[in-house]
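# Notes for the structure review
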Amino acid sequence: MNRQQLIEQIKLKKSFLCVGLDPDMEKIPDFLKQYPDPIFEFNKRIIDATKDLCVAYKPNSAFYESYGVKGLQSLIATWKYLPTDCLNIIDAKRGDIGNTSDKYARAFFDEATSGMSFDAITVTPYMGNDSVTPYLKYDGKWVIILALTSSVGSKDFQYLNTGDGYLYEAVIKKANTWAGADRIMYVVGATKSTEFTDIRKYAPANFLLVPGVGAQGGSLEDVCKYGITKDCGLLVNSSRGIIYASNGEDFADAARAEALKLQKEMQAELEKAGII
Ligand SMILES: O=C(O)c1cc(=O)[nH]c(=O)n1[C@@H]1O[C@H](COP(=O)(O)O)[C@@H](O)[C@H]1O
């Protein structure tokens, strides 16, 4: 899905919600465990219940890899099931030397090799240009670079003063030279909403993937106040707040209710910004 298609979906669905698919066997409802692939069954029902309310899905690879071969099978089945009118993001947070990054890019972008071809991947920029550019060789695919994360640990490195601003600012300035706003997004945590004004100085047009609302306590209103652009420019993710709204038989309905609450708030923000 390209930038224009993403913007169209945001306007059509009046939403910039990304649903995080972080399935955990200890948290999914017990009755699903009778199915041959409980994780896929869980995801399938979450997707069915939310697909008209969101514009993106983000499976986090750790929640699949931790179950070994079976987990990867669940991830592939989930990727195949994701609706084509939603951007699908693999949250893999990879970063390695060039030839290794080539392999990671194949793992997540090359269906003929791995059985999966996501639209976008999260990557860590720490190893620099040659660790990121292999993903950009895939036409039309997005690279989502960690800039300022929602985590407490963001202060350890991302806020280091380089003498010319914070390290996270240097990351954005440098990554902007690798590709434009039609190929690169940045991760900025919702818990860092006051920094959005600063980030918009360096990334005025890029979409920002914003995790951290819901379970981590970030405010959607503040994110929009400082981060929204004329094209919206935001994909706000919630994982646990939606998918674990209930662990009973009603889990999909409960997930829908939480997604609907966020979609309504997003609609109001899009109207306030004059986007719809
Ligand atoms: O890259 C991410 O998606 C990410 C970056 C970040 O700074 N913080 C963060 O929480 N995430 C991911 O976003 C999701 C947040 O999940 P919830 O806190 O349950 O909504 C998890 O999959 C995290 O790994």
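As the structure is a prediction and not an experimental result, all values here were calculated from the model. Think of each chain on its own: its residues are numbered from 1, step by step along the sequence as written. Per-residue local features are limited, in this predicted model, to residues with pLDDT of at least 70; the limit for side-chain atom pairs, both in listing and counting, is 80 or more; totals at the level of whole chains, interfaces and linings are taken over all residues.

### Concerning the sheet that holds strand β7 (residues 208-210)
When DSSP finds at least two bridges between two strands, those strands are taken to pair. We count a stretch as a helix when DSSP gives it H or I for four or more residues in a row; a strand needs E for two or more, and each element gets its number in order from the N terminus. Read once around its circumference, the closed barrel built from eight strands follows the order β1-β2-β3-β4-β5-β6-β7-β8, with strand pairing classed as parallel. Strand-to-strand twist of the sheet, defined as the mean angle between neighbouring strand axes without regard to direction, takes the value 30°. In this structure, strand β6 (residues 184-188) lies alongside β7, joined through two bridges in parallel fashion. By the bridge assignment, Y186 is partnered in β7 with L208. Angles here are taken between N-to-C directions and fall from 0 to 180 degrees, while the axes themselves are lines fitted to C-alpha atoms, restricted in helices to the stretch in contact.

### Concerning the environment of A179
Inspection of the secondary structure assignment puts A179 in the loop between α9 (167-175) and β6. Neighbour density around each residue's C-beta defines its exposure: 20 or more other C-beta atoms within 10 Å make it buried, 12 or fewer make it exposed, and counts between make it partly exposed, where C-beta atoms are placed from the backbone. Look at A179 and you get partly exposed, because 16 C-beta atoms sit within 10 Å. The sequence separation of A179 and K155 amounts to 24 residues, and the corresponding C-alpha distance is 27 Å. Contact partners of A179, with chain neighbours within four places excluded, come to L136 and I184. Contact criterion: two residues are in contact if their C-beta atoms, reconstructed from the backbone, are within 7 Å.

### Some words on the nonpolar core
Among the nonpolar cores identified, the biggest contains 84 residues, and L17, I144, I145, A147 and V236 are the most heavily contacted of them. Among all residues touching V236, those that are not within four sequence positions of it are F16, L17, C18, A190, V210, V213, L220 and V223. What we call a nonpolar core is a set of buried Ala, Val, Leu, Ile, Met, Phe, Trp, Tyr and Cys residues whose membership is set by joining through C-beta atoms within 7 Å.

### A few points about helix α13 (residues 251-272)
For a helix, the expected span equals 1.5 Å multiplied by the number of residues minus one. The first and last C-alpha atoms of α13 sit 32 Å apart over 22 residues, in line with the 32 Å expected at 1.5 Å per residue. Every buried residue belonging to α13 is among F251, A252, A255, R256, E258, A259, L262, Q263, M266, E269 and L270, and all of these are buried. Viewed end-on, α13 has its buried residues packed into an arc of 165°, placing them on one side of the element. Each element contacted by the buried residues of α13 is listed here: β1 (17-21), α2 (38-50), α11 (220-227), β8 (234-238) and α12 (240-243). One or two residues past the end of α13 sits G274, with phi positive at roughly 75°. Note that the arc is computed from the directions linking the helix axis to the C-beta atoms.

### Structural notes on the site of the ligand
Using a C-beta atom placed from the backbone for every residue, we mark a residue as near a molecule or strand if that atom lies within 6 Å of it. Residues in close proximity to the ligand total 20 residues, the closest being N60, T149, P211, S239 and R240. Amino acids are sorted into nonpolar (Ala, Val, Leu, Ile, Met, Phe, Trp, Tyr, Cys and Pro), charged (Asp, Glu, Lys and Arg) and polar (every other residue, Gly among them). For the shell around the ligand, the class distribution of residues is three nonpolar, 14 polar and three charged.

### Remarks on α9
Regarding α9, the residues found buried are Y168, E169, V171, I172 and A175. Along the long axis of α9, the arc covered by the buried residues comes to 155°, so they all point the same way. Considering only its buried residues, α9 is in contact with β5 (142-148), β6 and α10 (196-202).

Note that every value here comes from positions in space, so none of it alone points to a role or purpose.
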